[in-house]
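One letter stands for each residue in the lines below.
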Amino acid sequence: MRAMQAIVILISGGGSNMQAIVRAAHQEDWPARYGARIAAVISNRADAAGLAWAAAHNVATRVIAHTDFPDRAAFEAALAQDIARHGGGGHPPWVVLAGFMRILTPAFVQAHSGRLFNIHPSLLPAFTGLHTHARALAAGCRFAGATVHRVTEVLDQGEILEQSVVPVLPGDSEASLAARVLATEHQIYPRALRRLLQARER
Ligand code: GRF
């Protein structure tokens, strides 16, 4: 039998995407159906609201605060070590970034190549980086959306795996547009992972 594919989710805040993934994994019984389980949620901030939610839903949680380390390399080494301990049978975990607000170095990205994923709140390749909704409004976009993509060394430019599209409505604020996009993120992130797991079965 294949080793169970561990999935480790990294968050920094509310973790609503993490919640959507944990819920989907539970409701669709990913362990039985796809041989995959949500092994842990790791936050770089102790005050991330998503931590309490994950713990209440029986997911192992861990805080690895970047502020506890002298530099980015030391922080990432601790992060990588904690991620690796969730793997089994020579099967390293998938690493799912869900509102994780630290930029990862090329060394970390290379070490997790092929199993590192992110969701970005824009229709990539438009609006990489921060303040995506404000920039979409300022540009007069008629549509906005979100993208699940593989993480490579170039910020927000890895292979696109899933996208969602929403209309920009008259009178939209950054907050109203963000909320409309976020609701679709909760659909496409579980879907992207489900498709990757299904592809792995073949
Ligand atoms: C989402 O909009 C995601 O696209 C971006 O950060 C936000 C995280 O939200 N990377 P949440 O913590 O999943 O609620």
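All figures in this text were calculated on a predicted structure; none of them were measured in a lab. (Residues numbered from 1 in each chain as written. Predicted model: local features only at pLDDT ≥ 70, side-chain atom pairs only at ≥ 80, totals over all residues. Heavy atoms only, no water.)

Draft legend 1. Molecular detail of the overall build of the chain. For the chain, the helix and strand inventory stands at 7 helices and 7 strands. Traced from its N-terminal end to its C-terminal end, the chain shows the element sequence β-α-α-β-α-β-α-β-α-β-α-β-β-α. Radius of gyration (C-alpha) of the chain: 17 Å, near the 17 Å computed for a compact globule of 202 residues. Along the longest, intermediate and shortest principal axes, the C-alpha atoms of the chain span 50 × 40 × 30 Å. Looking at the chain as a whole, 45% of its 202 residues qualify as buried. Long-range contacts, defined as pairs at least 24 residues apart, comprise 64% of the intrachain contacts of the chain with a sequence gap of at least 6. Per element, the accessible surface of the chain, about 9800 Å² overall, is 55% carbon and sulfur. (Helix = DSSP H or I, 4+ residues; strand = E, 2+ residues; numbered from the N terminus. Rg over C-alpha atoms; globule rule 2.2 N^0.38 Å. Buried < 20%, exposed > 50% of the residue type's maximum accessible area, 1.4 Å probe, protein only. Contact = heavy atoms within 4.5 Å. Areas by Shrake-Rupley, 256 points an atom, 1.4 Å probe, with all protein chains shown as cover.)

Draft legend 2. Spotlight on the site of the ligand. The ligand sits among G14, G15, S16, N17, G99, I119, H120, P121, L182 and E185. Between the ligand and I119 there is a distance of 3.1 Å, counted from a nitrogen atom to a backbone nitrogen or oxygen. Between an oxygen atom of the ligand and a side-chain N or O atom of E185, the distance comes to 2.7 Å. Here the ligand loses 78% of its free accessible area of 370 Å² to cover by the protein chains. Put simply, the parts of the chain that give the shell around the ligand at least two residues each are α1 (16-27), β5 (116-120) and α7 (174-201). (Near = heavy atom within 4 Å. Polar contact = N/O pair within 3.5 Å; in protein donor to acceptor, adjacent residues only side chain to side chain.)

Draft legend 3. Looking closely at the environment of L177. Inspection of the secondary structure assignment puts L177 in helix α7. In this structure, L177 is in contact with H133, L137, A144, V166, P167, V168 and D172, ignoring residues within four places of it in sequence.

Draft legend 4. Main features of the pattern of salt bridges. Taken as a whole, this structure holds 8 salt bridges when the rule is applied. With a closest N to O distance of 2.7 Å, D82 and R85 form a salt bridge. The class of D82 is buried, set by a relative accessible area of 5%. R150 is the salt-bridge partner of E159, the closest N and O atoms lying 2.9 Å from each other. Each of R62, D82 and R85 takes part in one network of salt bridges that share partners. (Salt bridge = Lys/Arg side-chain N within 4 Å of Asp/Glu carboxyl O.)

Draft legend 5. Local environment of the nonpolar core. In terms of nonpolar packing, the biggest core is built from 36 residues, with I7, I9, M18, W30, I38, Y189 and L193 touching the most fellow members. Here the element with the most residues in this core is α7; it accounts for 8 residues. (Core = buried A, V, L, I, M, F, W, Y, C linked by side-chain atoms within 4.5 Å.)

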